[in-house]
Each structure stands twice: as structure tokens, then as C-alpha cells.
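Below, each chain spelled out in residue letters.
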Amino acid sequence: MVHYSYYQTRVTGGKPSSTSVYSGRTVTFSGSVQQNAGSGWSAVKNQHVYLVFRPYKSKTWTAKTSVKTNSRGTYRISARATRSGTWCVVYLPDTHHVDAEGPMTYVHLH
């Protein structure tokens, strides 16, 4: 029998710097990625998080950019807003963690 261990993960923060921006302006998200191995939440260090976007009235998500968390598990990720739509920070883990995502937030363009 093979036993697999998976750790709970979560993305904290993940809210944009603004929910109403002018076209071409940068939208920035920050927060942290954490894991719970049974003894409380701790940092997920040096792992990629992705900023994904779904345009208004679309069903398709697109990865816009990625960054690595630092030694404290925190991230700061930005992309240019060219359309109104929904943004979300996503952690797609290795084989020992569970996928996690921050809140989905709609950003309106002027």
C-alpha cells in the first residue's frame, strides 16, 4: 500500500490595489501562501503563484504572470489591466500540497 501526504494550503491577501483603474494601468496583488502540516500555518517559501484573469462575460481564465514567494512566503504580483474582468491569485502546488486560490475580484476599467 502506498500512502500519500498532502498539506492544506491557503493564499492570504490577494485583493487588488484598486478595483477601478484606467486601461493600461497596473493592478497589484500581495499576500502570502501558507501550509498546514498539522501544527498550524507556516510559510510556503520560494514557490510560484500565478495571477489569472477572466475577461467580463468570458468563461476562460488566462494566466497573466507569475512570481515566486520569498523566504517568508509572501508575494507581490502585478499585471496591466486592458479589459474589465475578474482577477485571482492562484497557487498550483507540488505533489505534497493542495491547490489554493485567493479571492476572485472584479476590476472595472474606465
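Not measured: the values here are computed from a predicted model.

Rules behind the numbers
- Residues numbered from 1 in each chain as written.
- Predicted model: local features only at pLDDT ≥ 70, side-chain atom pairs only at ≥ 80, totals over all residues.
- Heavy atoms only, no water.
- Helix = DSSP H or I, 4+ residues; strand = E, 2+ residues; numbered from the N terminus.
- Contact = heavy atoms within 4.5 Å.
- Areas by Shrake-Rupley, 256 points an atom, 1.4 Å probe, with all protein chains shown as cover.
- Core = buried A, V, L, I, M, F, W, Y, C linked by side-chain atoms within 4.5 Å.
- Buried < 20%, exposed > 50% of the residue type's maximum accessible area, 1.4 Å probe, protein only.
- Pairing = 2+ DSSP bridges.
- Phe/Tyr/Trp six-rings, centres within 6.5 Å; stacked < 30°, edge-to-face > 60°.
- Lys NZ or Arg CZ within 6 Å of the ring centre and 35° of its normal.

Participant: Could you clarify how one ought to interpret the overall build of the chain in this entry?
Facilitator: What the chain contains, in helices and strands, is zero helices and 10 strands. Put simply, the chain runs from its N terminus to its C terminus through helices and strands in the order β-β-β-β-β-β-β-β-β-β. Its C-alpha atoms give the chain principal-axis dimensions of about 55 × 30 × 20 Å. Within the chain, contacts between residues at least 6 apart in sequence are counted, and of these 59% link residues at least 24 apart. As displayed, the chain has an accessible area near 6,800 Å², and 48% of this comes from carbon and sulfur atoms.

Participant: I keep staring at the nonpolar core and nothing clicks. Help me out?
Facilitator: Taken as a class, soluble globular proteins show a tendency for nonpolar side chains to be buried jointly. Judged by nonpolar contacts, the single largest core of 19 residues is most densely connected at Val11, Phe29, Val33, Leu51, Tyr75, Trp87 and Val89. Sorting the residues of this core by element identifies β3 (26-36), β5 (48-55), β7 (74-80), β8 (85-91) and β10 (105-109) as the ones contributing at least two each. Apart from the residues lying within four places of it in its own chain, the contact partners of Phe29 are Gly14, Lys15, Pro16, Leu51, Tyr75, Arg76, Ile77, Trp87 and Val89.

Participant: Sorry, what's going on with the pairing of β10 here?
Facilitator: Successive side chains on a regular strand alternate, one facing one side of the sheet and the next facing the other. By the alternation rule, side chains of β10 split into Thr105, Val107 and Leu109, which are all buried, and Tyr106 and His108, of which none is buried. Pairing between strand β2 (residues 20-21) and β10: two bridges, direction parallel. Residue pairing in the sheet places Val21 in a bridge with Leu109 of β10.

Participant: Help me understand the packing of aromatic side chains in this model?
Facilitator: For any pair of aromatic rings, the description rests on two quantities: the centre-to-centre distance and the angle between the ring planes. If you walk through the whole model with that rule in mind, you get three aromatic pairs. Consider the rings of Phe53 and Trp87, whose centres lie 4.6 Å apart with planes at 45°: the pair is tilted. Note that Phe53 is positioned in strand β5 and Trp87 in strand β8, a separation of 34 residues in sequence. Per residue, the accessibility class of Phe53 equals that of Trp87, and both read buried. In this structure an aromatic cluster arises from ring pairing among Phe29, Phe53 and Trp87. The lysine or arginine in question, Arg10, covers the ring of Trp41, its NZ or CZ lying 4.0 Å from the ring centre.

Participant: Honestly, unusual backbone geometry in this entry has me stumped. Any pointers?
Facilitator: Phi is mostly negative for residues that are not glycine, and the peptide bonds are mostly trans. Even without a glycine there, the phi angle at Asn46 is positive, about 50°. Counting through the fold element by element, Asn46 comes out in the loop between β4 (41-43) and β5. We note that Lys57 has phi near 70°; this positive angle belongs to a residue other than glycine. In this fold, Lys57 is placed in the loop between β5 and β6 (62-68).

Participant: Quick question: what am I supposed to make of the pairing of β5 here?
Facilitator: By the bridge criterion, six bridges tie β5 to β6 in an arrangement that is antiparallel. From the neighbouring strand, Val49 faces β6, where its bridge partner is Val67. Counted along the chain from β5 to the antiparallel partner β6, the turn is six residues long, and its residue Lys57 has a positive phi close to 70°. In terms of strand pairing, β5 meets β8 through six bridges, oriented antiparallel. The residue bridging Tyr50 from the neighbouring strand is Val90, located in β8.

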